[in-house]
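Architecture at a glance
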Amino acid sequence: CFGLFYDFHLTNKEIGCIIDTSKRNKEAKMGTRSAIGVMHGDKAKVVYCHWDGYLSHNGRILLEHYNSAKANHLVALGDLSALGQNVEIPENVEHSFNKPAEGFCVFYGRDRGEKNTEFRTFQTEDDFVACYDSIGSEYFYLYDAGVWYVKSWDQKTFSPLHEVIEELDLKEEV
């Protein structure tokens, strides 16, 4: 696995995972971590996302803005600080890690110049979840055959994201 702490991205994959998952998101400065993956045959290519991993933010953005091509592009750029509706930065838009343009993804590699932020490949969903759970990820998103799926750290199985978002919307209406 690898280590991540707050928004300081440790790139030495040998140091192990340093997050105590019993303290999930209880400290004010911690983000709602998530992992975002795309299935390629029987393998998942997965990246880490530090901020706003909850359903009403990352879940909704993935569902509404990321089809197969865009999801693959997202994962190809590696670990993220924050997910936005857009991956590519147009030439006329000023964007950096410290001054991100609104609505655009913020990547550790592209936008902060960090190394070793590439996607990771997993043979099974269980391996993918175990790795990112060990660093405190609370949500796991997976794109497979044209459908987004999600599970939270305390659930055993993935569910179609559109169903979970619909249920969330119904609860908010009440």
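Residues numbered from 1 in each chain as written. Predicted model: local features only at pLDDT ≥ 70, side-chain atom pairs only at ≥ 80, totals over all residues. Heavy atoms only, no water.

What follows is about the state of the cysteines. Counted by the stated rule, this structure contains zero disulfides. Cysteine C105 is unpaired, with the sulfur of C49 as its nearest cysteine sulfur at 7.7 Å. (Disulfide = S-S within 2.5 Å.)

Our next topic: the packing of aromatic side chains. If you walk through the whole model with that rule in mind, you get eight aromatic pairs. Residues F122 and F128 carry aromatic rings whose centres are separated by 6.3 Å and whose planes lie at 40° to one another, so their mutual orientation is tilted. A relative accessible area of 11% means that F122 is categorised as buried. The class for F128 is buried, based on a relative accessible area of 0%. Ring centres of F128 and Y132 lie 6.1 Å apart, and the angle between their planes is 70°; on these two criteria the pair is classed as edge-to-face. Taken as a pair, F128 and Y132 lie in helix α4 (residues 125-133) at a separation of four residues, close to a single helical turn. Each of the two residues, F128 as well as Y132, counts as buried. (Phe/Tyr/Trp six-rings, centres within 6.5 Å; stacked < 30°, edge-to-face > 60°. Buried < 20%, exposed > 50% of the residue type's maximum accessible area, 1.4 Å probe, protein only. Helix = DSSP H or I, 4+ residues; strand = E, 2+ residues; numbered from the N terminus.)

On to a negative patch on the surface, then. A surface patch of like charges, here negative, comprises E125, D126, D127 and D144. The greatest single-element share of the negative patch, amounting to three residues, is contributed by α4. Here D126 is to be found in helix α4. When its relative accessible area of 64% is taken as the criterion, D126 is described as exposed. (Patch = residues over 30% accessible without salt bridge, like charges linked within 9 Å, V, L, I, M, F, W, Y side chains within 5 Å. Areas by Shrake-Rupley, 256 points an atom, 1.4 Å probe, with all protein chains shown as cover. Salt bridge = Lys/Arg side-chain N within 4 Å of Asp/Glu carboxyl O. Lys, Arg positive; Asp, Glu negative; His and termini not counted. Charge placed at Lys NZ, Arg CZ, Asp CG, Glu CD.)

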